[in-house]
Amino acid sequence: MPMSTTTNAPDDFIEVYPDALPAVQCAALVERFAASARTRPGRVGGGVLPELKDSQDLALSDQADWHEAETALNQAVFRGVLAYLRRYPHALIAPLMLEVPGPGGTRHRLTSERLQTMDDGALSSLVETVFRPGAINLQRYSAGRGGYPYWHCELYPRDPRADTLHRHLLWTIYLNDGFAEGETEFLYQQRKIVPRTGTLLLAPASFTHTHRGNRPQGGDKVIATSWVLFQRAEQLFGGA
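Residues numbered from 1 in each chain as written. Predicted model: local features only at pLDDT ≥ 70, side-chain atom pairs only at ≥ 80, totals over all residues. Heavy atoms only, no water.

### Points about the sheet that holds strand S8 (residues 148–152)
Move 1: With antiparallel pairing, 4 strands are arranged side by side in an open sheet as S8-S14-S11-S12. In the strand order of this sheet, the two ends are held by S8 and strand S12 (191–193), each with one partner. Neighbour-to-neighbour, the strand axes of this sheet turn through a mean angle of 15 degrees, independent of strand direction.
Move 2: Where strand S11 (residues 184–186) and strand S14 (residues 211–213) come together, 3 bridges link them in antiparallel fashion. (Pairing = 2+ DSSP bridges. Helix = DSSP H or I, 4+ residues; strand = E, 2+ residues; numbered from the N terminus. Axes fitted to C-alpha atoms, helices over the stretch in contact; angles between N-to-C directions.)

### Overview of the nonpolar core
Move 1: Leu 73, Leu 92, Leu 110, Leu 138, Trp 171, Ile 173 and Leu 175 are the most contacted members of the largest nonpolar core, which totals 45 residues.
Move 2: Contributing elements (two or more residues each) for this core: helix H1 (23–35), helix H2 (67–87), helix H3 (90–93), helix H5 (120–130), strand S9 (167–174), strand S13 (200–204) and strand S16 (221–230).
Move 3: The residues touching Ile 173, leaving out its near neighbours within four places in the chain, are Leu 21, Leu 73, Ala 76, Val 77, Gly 198, Thr 199, Leu 200, Ile 223 and Ala 224.
Move 4: Ranked by size, the runner-up nonpolar core spans 14 residues in total, among them Ile 14, Tyr 174, Ala 203 and Leu 229. (Core = buried A, V, L, I, M, F, W, Y, C linked by side-chain atoms within 4.5 Å. Buried < 20%, exposed > 50% of the residue type's maximum accessible area, 1.4 Å probe, protein only. Contact = heavy atoms within 4.5 Å.)

### With respect to a nonpolar patch on the surface
Move 1: Judged by side-chain polarity, Leu 187, Tyr 188 and Phe 207 come together as a nonpolar surface patch covering roughly 340 Å² of accessible area.
Move 2: Checked against the element boundaries, Tyr 188 lands in the loop between S11 and S12. (Patch = residues over 30% accessible without salt bridge, like charges linked within 9 Å, V, L, I, M, F, W, Y side chains within 5 Å. Areas by Shrake-Rupley, 256 points an atom, 1.4 Å probe, with all protein chains shown as cover. Salt bridge = Lys/Arg side-chain N within 4 Å of Asp/Glu carboxyl O.)

### Observations regarding unusual backbone geometry
Move 1: Within the chain, Phe 13 stands out as a residue other than glycine whose phi angle is a positive 65 degrees.
Move 2: If you trace the backbone, Phe 13 turns up in the segment before strand S1 (15–17).
Move 3: Backbone geometry at Gln 190 places phi at a positive 50 degrees, although glycine is not the residue there.
Move 4: Checked against the element boundaries, Gln 190 lands in the loop between S11 and S12.

### Structural notes on the side chain of His 152
Move 1: As for its placement among the helices and strands, His 152 is situated in strand S8.
Move 2: Residues in contact with His 152, not counting those within four places in the same chain, are His 209, Thr 210, His 211 and Arg 212.

### What to know about the packing of H2 against H5
Move 1: It is at 11 Å that the axes of H2 and H5 come closest, and there the two elements cross at 100 degrees. Taken together, H2 and H5 sit at an angle that is classed as roughly perpendicular. Residue-level contacts link Phe 78, Val 81, Leu 82, Leu 85 and Arg 86 of H2 to Asp 120, Leu 123, Ser 124, Val 127 and Glu 128 of H5.
Move 2: Considered class by class, the residues forming the contact of H2 with H5 number 6 nonpolar, 1 polar and 3 charged. (Parallel < 35°, antiparallel > 145°, perpendicular 65-115°, else oblique. Nonpolar A, V, L, I, M, F, W, Y, C, P; charged D, E, K, R; others polar.)

Structure (structure tokens):
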């Protein structure tokens, strides 16, 4: 079933998908996260700097017993990515000159028109070839204190393998609501995304979508967040 989206400003590249993850699953993740003894202070590129980001985080990729939850989150995001690419096909096409099979064994350059005619199976295969999921963090922002007030984007030249420069889209799944404020605020688009349980947010990772996480009031805010990354060059292009 195609994933539905909210009504957005024209081409601001910020997409919001309600009910991407069932509320019962969100509640289970929130409860399990609250009981975990393995949370750590949230980090930014420069380390633990609570004046920039004040949160408690749990990195799911480091926890074998969270694998099932990690899989469920990635599946929800994958469905959203398919819908995102149908609205913004050049998010897939523009970075790479892709070819797809045509009639009689021929190959054709992928265009936005051809992408729109692909069924979900064919598009899924292409997405898995080009992209990979990032490491998922669960994050809790405490009421009246926690937040990520620093205006930031998701690209920065930090690690030697350049994974932080392979980030193409950012995503957040809001795991709870029932608090005031706590929006994800985008600077240049002048847009605030209000957290709603089970909603998926997708947006570009670059400076054009500089954003911050506003402080929740009257209750803690809990999210799952990560990125959609390009496959590494050796995976995409072999030894070339």
